[in-house]
Amino acid sequence: MNFKIGIAGLAHFHVYGFMEEALKIEGIKVVGVADENSKFREMGKERFNAAAYSNIDELLEKTDTDVIVTAAVNNTKADIILKAMEAKKHVIADKPLVTTIEDLERI
């Protein structure tokens, strides 16, 4: 099994625990991280030894991912999820998935 994971949004640090467990599975690799916050972006880059981008658009354009994982700021997740879905990527998101009914309906 080979899965290339992109992480878009590192605001909630439980993403690190999730990814540590996922990376124990042979064939799982983080190929890129994206976050507008440069501190979060650099932490992810170092922790996962992956390319770093300032937003999901760059991550999707410059990497070949199978899955997008997001632990972004809650009210920004809907846009990340929609962009990943439009790019035909699987999505794993922490909770809450969305913060408004409008975002739920968009997804």
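Please read these numbers as outputs of a predicted model, since none were measured by experiment.

(A) Main features of the overall build of the chain. Per the secondary structure count, the chain includes five helices and five strands. Seen in sequence order, the chain has helices and strands lined up from the N terminus as β-α-β-α-β-α-β-α-β-α. Computed over C-alpha atoms, the radius of gyration of the chain comes to 13 Å, within 12% of the 13 Å expected from 2.2 N^0.38 for 107 residues, which places it in the range of a compact globule. Principal-axis analysis of the C-alpha atoms places the extent of the chain at approximately 35 × 30 × 25 Å. Taken across its 107 residues, the chain has 42% of its residues classed as buried. Long-range contacts, defined here as pairs at least 24 residues apart, represent 60% of the contacts in the chain between residues at least 6 apart. The averaged location of the 18 negative side-chain charges in the chain is 3 Å from the averaged location of its 14 positive side-chain charges.

(B) Here's a closer look at the packing of helix H1 (residues 14-22) against helix H2 (residues 38-48). Remark: H1 packs on H2, axes separated minimally by 12 Å, with the N-to-C direction vectors making an angle of 20°. Taken as axis vectors, H1 and H2 run roughly parallel relative to one another. Our pair here, H1 against H2, has a crossing hand that is right-handed. Of the residues in H2, those in contact with Tyr16, Met19 and Glu20 of H1 are Phe40, Met43, Gly44, Arg47 and Phe48. For the contact of H1 with H2, the residue count by class is five nonpolar, one polar and two charged.

(C) Representation of the sheet that holds strand S2 (residues 28-34). A sheet is described by the order of its strands in space; here five strands give the open sequence S3-S2-S1-S4-S5, paired in parallel fashion. Two strands in the sheet have a free side with no partner beyond their single neighbour: strand S3 (51-53) and strand S5 (90-93). Across this sheet, the average inter-strand angle for adjacent strands is 25°, counted without regard to direction. Pairing between strand S1 (residues 3-8) and S2: six bridges, direction parallel. The residue of S2 that forms the bridge with Gly6 is Gly32. Contacting S1, strand S4 (67-70) and S5, helix H4 (residues 77-86) runs over the sheet at an angle of about 175° to S4.

Scoring rules and cut-offs
Residues numbered from 1 in each chain as written. Predicted model: local features only at pLDDT ≥ 70, side-chain atom pairs only at ≥ 80, totals over all residues. Heavy atoms only, no water. Helix = DSSP H or I, 4+ residues; strand = E, 2+ residues; numbered from the N terminus. Rg over C-alpha atoms; globule rule 2.2 N^0.38 Å. Buried < 20%, exposed > 50% of the residue type's maximum accessible area, 1.4 Å probe, protein only. Contact = heavy atoms within 4.5 Å. Lys, Arg positive; Asp, Glu negative; His and termini not counted. Charge placed at Lys NZ, Arg CZ, Asp CG, Glu CD. Axes fitted to C-alpha atoms, helices over the stretch in contact; angles between N-to-C directions. Parallel < 35°, antiparallel > 145°, perpendicular 65-115°, else oblique. Left-handed = near helix turned anticlockwise from the far one by under 90°. Nonpolar A, V, L, I, M, F, W, Y, C, P; charged D, E, K, R; others polar. Pairing = 2+ DSSP bridges.

Function-wise, these values are silent; they only describe arrangement.
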